[in-house]
Amino acid sequence: MRLLLPSAVLWLSTSALADLTLVNETIAMGKTRTVTLSAKGPKAFFEMKEADAPSRTMLRDGDAKKLFIIDHPKKTVLVITEQDSKQMEEKQAALRAQLQAQLAKMPPEQRARMESGMLAQLDPKPMVFAYEKKKTPARKVAGYSCQDYTIKRDGQPSGEGCFTSWKDLGISGDEFKNVMLKAMPAQMNPMSTAAFEASDTAPGYPVWRTHVNAEGQVTSEVTLKSFSKTAVAAPNFELPKDYAQKSMAESMAPPKK
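Residues numbered from 1 in each chain as written. Predicted model: local features only at pLDDT ≥ 70, side-chain atom pairs only at ≥ 80, totals over all residues. Heavy atoms only, no water.

Asker: I'm lost on the packing of aromatic side chains in this one. Help?
Answerer: Here the distance between the centres and the angle between the planes together describe a pair of aromatic rings. Enumeration over the complete set of coordinates arrives at six aromatic pairs. Ring geometry for Phe45 and Phe237: centres 6.2 Å apart, planes at 65°, overall edge-to-face. Here the residue Phe45 occupies a position in strand 3 (residues 43–50), and Phe237 occupies one in the loop between strand 12 (218–228) and strand 13 (244–247), the gap between them amounting to 192 residues. When the ring of Tyr149 is compared with that of Phe163, the centres are 5.7 Å apart and the planes differ by 90°; the resulting orientation is edge-to-face. One end of the pair, Tyr149, is in strand 9 (residues 144–153); the other, Phe163, is in strand 10 (residues 156–164), and 14 residues separate them in sequence. Residue classification places Tyr149 among the buried positions, given a relative accessible area of 14%. Aromatic rings pair up to connect Tyr131, Tyr149 and Phe163 into one cluster. (Phe/Tyr/Trp six-rings, centres within 6.5 Å; stacked < 30°, edge-to-face > 60°. Helix = DSSP H or I, 4+ residues; strand = E, 2+ residues; numbered from the N terminus. Buried < 20%, exposed > 50% of the residue type's maximum accessible area, 1.4 Å probe, protein only.)

Pasting the structure below:
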């Protein structure tokens, strides 16, 4: 789980945000995971469950302006504050400047490889999605009627999706995007990408979605299992009382000899 969290995303205003719970099943790298995102007022809950593996849990408290990453096997909680986020942004900007200075001294071919590699990860460009409706009848996923589309990202094949309308889902695209930004910033996990693209130019929400690599092979499949405009039970938004809390500084410190 990546920890480079832009403060503008982490500390987004939590006013007028809808309560909701979204459960998806994701198949990737031969593993099936159940991913739950839920929001209630200023609080957000994220959980990823995988068979025979510990759950991965993250909480966000908008009032306290803190993000909590919970490690269940170690019974610890990593606490990320607004100041932590700003410091990480500054370090990332400094590293990006160093790489750009090095690139200026490289041959064109080597510079192109670097620009498409590490530098692209440190300074990602906005992705442009395009959707083409397939000539197939509408079908149902998780009880929602949806239409199949082929999807391109930056002009290249990105996969397929079956999209239901925002009206049928019962929430607007803007409402959904604001909740997703609060609950699970896109920078944290690539599995949340579909939620962001759906709220911008997509024809609705993808109740089923595949992603493909450059060779056209399917790398992941996401299927909606349930959607509700209510939050999960209140205890899910609370930190485990018997877990030790660690600051970002403590987690980054070298181990004591």
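Asker: In this structure, what is going on with the pattern of salt bridges? I would like to understand it.
Answerer: Pairing between side chains of opposite charge can happen when the charged atoms of each approach one another. By the definition in use, this model includes eight salt bridges. Across the pair Arg33 and Glu50 runs a salt bridge, and its minimum N-O distance is 3.0 Å. Of this pair, Arg33 sits in strand 2 (residues 31–40) while Glu50 sits in strand 3; the two residues are 17 residues apart in sequence, bridging distant segments of the chain. On the basis of relative accessible area, Glu50 is assigned to the partly exposed category, the value being 21%. With its nearest N and O atoms 2.9 Å apart, the salt bridge here joins Arg139 to Asp148. For Asp148, a relative accessible area of 9% corresponds to the buried category. If you follow the salt bridges from partner to partner, you end up with Lys31, Arg33 and Glu50 in one network. (Salt bridge = Lys/Arg side-chain N within 4 Å of Asp/Glu carboxyl O.)

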